[in-house]
Protein chains: 2
Amino acid sequence: MSLLAKNNLELTSSNLTKNVEFESVHIAYDRIKGQIKETPVITSNLLNEILGHEIYFKLENFQKTGSFKVRGALNTLISLKEKNQLPEEIVAYSSGNHGQAVAWAAKQFNIKTTIYIPKFVSQVKQNAINSYGANLINTDTRKEAEIAATAHAGRGAYFIHPSSHENSITGYATASYEVFKSGLIPDAIFTPCGGGGLTIGTYLAAQEQKQAISVYAVEPANANDAAISYRTGKIFAFEDSPITIADGARTLKITEKNFHYLKKISGFIEISEEDIAYWTVWVMHLLKIICEPTAALSLAGAVKWLREQSCKKKVLAIISGGNVDPQMHRNLWLEDYINRMPSLY
Amino acid sequence: MSLLAKNNLELTSSNLTKNVEFESVHIAYDRIKGQIKETPVITSNLLNEILGHEIYFKLENFQKTGSFKVRGALNTLISLKEKNQLPEEIVAYSSGNHGQAVAWAAKQFNIKTTIYIPKFVSQVKQNAINSYGANLINTDTRKEAEIAATAHAGRGAYFIHPSSHENSITGYATASYEVFKSGLIPDAIFTPCGGGGLTIGTYLAAQEQKQAISVYAVEPANANDAAISYRTGKIFAFEDSPITIADGARTLKITEKNFHYLKKISGFIEISEEDIAYWTVWVMHLLKIICEPTAALSLAGAVKWLREQSCKKKVLAIISGGNVDPQMHRNLWLEDYINRMPSLY
């Protein structure tokens, strides 16, 4: 907990002003609670027994549109509505889940929406975006999607960044807020990290609790731009989308604003591709839920962290989404990971 | 509803005596409720919109040991305990889920247990049985498992039939009982049918309600022994385990006792292998849960039935289990069923 204590001190001095840009999480929660699902928190007795710790899962795969992202998009749009500033047009780029969330939220307000999406994103996610009535434009690369969306925003559309929009981040924070509200206060929370939005939201929610709660970001070792940035103190950028089965974490680089907050969290954990696949399959097997590889990062990170703990811990892994396409399933189930039991060592 | 009304009449006359062997479902519920999960009931707005009906899912994939079977095994053992008749040894044969349920329930009472299981049953299910401490004996065929278990029972062990034990059936009935208790009274319930235990349990629970509720059994067209028996009025038996991806429905034949009750239900629906796979994948995609092909039979049957309805219906599909092994996943996700949307026609 010492890291977090240090962060708390920092927060009360030099960085306080920066934190003010975020509203209190309960405001976002009150705003969106009627339109999102209060997703369940579950645990696996078998896994707890094997690992000797208490591991809880917040199941955002059951959230509307199949991921936590909708909490952010909805909080952003309702906030704008409260200020009578609902835009006539919305634009976003996405590796999939953010696009679905924005398309769905915009549909609730009948706002014209365009989503730029690299063509490598799963057809299932693209179909879902289409089904919410958004205009979907394919690009060759992630970078092209970013450039096109930014240009589109320059022509007057309201831009919702996939991981760095203040109100979206406060929206993401409501996932952990729900957990705390239910009375569960973990020692540490593990979040998948792409652009860092969920991690920062989780950090903000944890900061509002009286108890010290560590927050960790978990990245694929193949897509570790934020971990490198955290380690070196300087934002690292990939030129092209890194190759990882955790397709929600294929971000090129984090924003300056997100970096400011990501520096404060308790740490980054990097996971190999094999371990991401292994834990994805085990989450599905143990919990009987569909789990994206990106979402399984959080359990993979938690287990890696738990291996270094000397006493029993209570941790929360956020299962960020459950949008898996057939090709991904085929890849995941190629190996018989199920016949290799998890262990703490 | 006319079919059911007819059945009610029958029940009050000649068949009443036969029905007495079953306890009232609430007795079983009160007996086991502290040790099982009250599983959730969910719906998919998208599916309801597409089909124009209200379809609810009872999620027994989240039940302990991953299927509804544990309700029966537990009710059987607690009943015996109440009568001070807990056996020293238990024996069962199983295509997997019943074996897991019996092994788990027996472990709660520290009773020595042997499960005979054909070697073709998934390794994941066999591993689970082992992990509950039961003695697992592999046989070449289902028939050999039945013969060996029966012989073993002859040597003094207490035998729990996989689908035809009275207290187990009343235990299975508690799944629907929970649904009714929550206030949801569907027009019809669809159950996968192997040996018929879940179907009969569901029928018993429905009979105890004031409202008329139709109960349907859904079988693979490839493993339709009970449907043939229902149609012809004479029990039909397969020589060898029929080939179907719905591995929980590979029963050779139903018992005389089960046939007596299965005759009373509203009907049988048979599903092709392709449709079983299609709906398994769609249940996973829509609900973000792991669903056995056997469990998806219930939705497949419901959709087939809904196609013939002239007005809007409210139906319940029991998702009986979620134990899927890697090989099954690989087979299921070979086809891109997800890109072919469901339709009512």
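Being a predicted model, the structure only gives us computed values, none of them experimental. Sequence order as written defines the numbering, with residues in each chain counted from 1. Chains carry letters from A onward and ligands carry numbers from 1 onward, assigned in written order. Owing to the predicted nature of the model, reporting of local features is limited to residues with pLDDT of at least 70; listing and counting of side-chain atom pairs is limited to 80 or more, with chain, interface and lining totals taken over all residues. Each side-chain value is derived from all of the structure's non-hydrogen atoms; neither hydrogens nor water enter the calculation.

(A) Seen up close, the overall build of chain A. Only DSSP runs of H or I covering at least 4 residues are called helices, and only runs of E covering at least 2 are called strands; the numbering of each starts at the N terminus. Helix and strand counts for chain A stand at 15 helices and ten strands. With respect to the principal axes defined by its C-alpha atoms, chain A has extents near 55 × 50 × 40 Å. The burial tally for chain A puts 64% of its 345 residues in the buried class. Contacts are assigned to residue pairs that have any heavy atoms within 4.5 Å of one another. Long-range pairs, those at least 24 residues apart, make up 75% of the contacts in chain A with a sequence separation of at least 6. Roughly 12900 Å² of accessible area belongs to chain A as shown, and the carbon and sulfur atoms make up 50% of that amount. The charge count includes Lys and Arg as positive and Asp and Glu as negative, but it does not include His or the ends of the chains. By convention, charge coordinates are those of NZ in Lys, CZ in Arg, CG in Asp, or CD in Glu. Charged side chains in chain A number 35 positive and 33 negative. The centres of these two groups are separated by 4 Å. Working definition: with a 1.4 Å probe on protein chains only, accessible area under 20% of the residue-type maximum means buried, over 50% means exposed, and in between means partly exposed. Method for areas: the Shrake-Rupley scheme with a 1.4 Å probe, in which residue coverage is limited to the protein chains shown.

(B) Region of the structure containing the interface of chain B and chain A. Across the contact, 23 residues belong to chain B and 23 residues belong to chain A. Taking both sides of the interface into account, the surface hidden between chain B and chain A amounts to around 2000 Å²; carbon and sulfur atoms contribute 63%. For chain B, the biggest contributors to the area lost against chain A are Lys288(B), Arg330(B) and Trp333(B); these three give 33% of the whole. Whenever a carboxyl oxygen of Asp or Glu lies within 4 Å of a side-chain nitrogen of Lys or Arg, that contact is scored as a salt bridge. Inspection of the chain B/chain A interface yields two salt bridges. Between Arg330(B) and Asp336(A) there is a salt bridge whose closest N-O contact spans 3.3 Å. Side-chain atoms alone can form a polar contact between residues adjacent in sequence; in general such a contact is a pair of N or O atoms within 3.5 Å, and within protein one must be able to donate a hydrogen while the other accepts it. At the boundary of chain B with chain A, the tally comes to 16 residue pairs in polar contact (both at pLDDT 80 or more). Every element with two or more residues in the side of chain B that touches chain A is listed here: α7 (123-131), α13 (273-287) and α15 (326-332) of chain B. Taken together, the residues of the side of chain B that touches chain A break down into ten nonpolar, nine polar and four charged. Buried area is calculated as the accessible area (1.4 Å probe) missing from two parts once they are joined, with the contributions of both summed. Side-chain classes follow a simple rule in which Ala, Val, Leu, Ile, Met, Phe, Trp, Tyr, Cys and Pro form the nonpolar group, Asp, Glu, Lys and Arg form the charged group, and the remainder, Gly included, forms the polar group.

(C) How the structure looks around the relation of the copies chain B and chain A. Only residues with pLDDT of at least 70 in both copies contribute their C-alpha atoms to the least-squares superposition of the copies. The transform that puts chain B on chain A rotates by 180° and translates by 0.0 Å along the axis, for an RMSD of 0.0 Å. Each copy turns onto its partner about a two-fold axis. For chain B, the residue whose C-alpha comes nearest the rotation axis is Ile289(B), separated from it by 2.0 Å. When you check the interface residues of chain B against chain A, 100% turn up at the interface there too, and the contact is symmetric in its surfaces.

(D) How the structure looks around the pairing of strand β3 (residues 89-93) of chain B. Residue and element names in this part refer to chain B. Here β3 lies mainly inside the structure; five of its five residues are buried. Neither face of β3 is open: one carries Glu89, Val91 and Tyr93, the other Ile90 and Ala92, and all of them are buried. Only strands that DSSP links by at least two bridges are regarded as paired with each other. Note that β3 and strand β4 (residues 112-118) share five bridges and pair parallel. Its bridge partner being in β4, Tyr93 is matched across the sheet by Tyr116.

(E) Examining the sheet that holds strand β6 (residues 158-159) of chain B more closely. Residue and element names in this part refer to chain B. Taken in spatial order, the four strands line up as β5-β4-β3-β6 in an open sheet, and their pairing is parallel. A strand with exactly one partner marks an edge of an open sheet, and here the two such strands are β5 (135-139) and β6. For β4 and β5, the ladder comprises five bridges, and the chain directions are parallel. Counted as the bridge partner of Pro118 is Thr139 from β5. Lines fitted to the C-alpha atoms define the axes, with helices restricted to the stretch that makes contact. Angles between their N-to-C directions range from 0 to 180 degrees. Strands in contact with helix α8 (residues 142-154) are β3, β4, β5 and β6; relative to β3, the strand with the most contacts, it is inclined by about 160°.

(F) View of the pattern of salt bridges. Considering all chains together, one arrives at 32 salt bridges over all chains under this definition. Residues Lys119(A) and Asp140(A) are paired through a salt bridge, measuring 2.8 Å at the closest nitrogen-oxygen approach. Note that Lys119(A) is positioned in the loop between β4 (112-118) and α7 (123-131) and Asp140(A) in the loop between β5 (135-139) and α8 (142-154), a separation of 21 residues in sequence. One salt bridge connects Glu178(B) with Arg71(B), and the closest N-O pair in it is separated by 3.0 Å. Of this pair, Glu178(B) sits in helix α9 (residues 166-181) while Arg71(B) is found in helix α5 (residues 69-82), placing the two residues 107 residues apart along the sequence. Arg71(B) matches Glu178(B) in its accessibility class, with the two residues each being buried.

(G) Examining unusual backbone geometry more closely. All names here are of chain B. Even without being a glycine, Asn84 presents a positive backbone phi close to 55°. Checked against the element boundaries, Asn84 lands in the loop between α5 and β3. Note on Asn84: relative accessible area 75%, which makes it exposed. A positive phi angle, near 60°, is found at Lys288, a position not held by glycine. For Lys288, the location among the structural elements is in the loop between α13 and α14 (293-306). Taking the relative accessible area as the measure of exposure, Lys288 reaches 8% and is therefore buried.

(H) Geometry of the side chain of Lys288(B). Within the buried set, Lys288(B) has no salt-bridge partner at all; the shortest N-O distance to an opposite charge, 7.1 Å, is to Glu292(A). Every residue in contact with Lys288(B), bar those within four places of it in the chain, is listed here: Asn61(A), Phe62(A), Gly66(A), Ile289(A), Ile290(A), Gly322(A), Asn323(A) and Val283(B).

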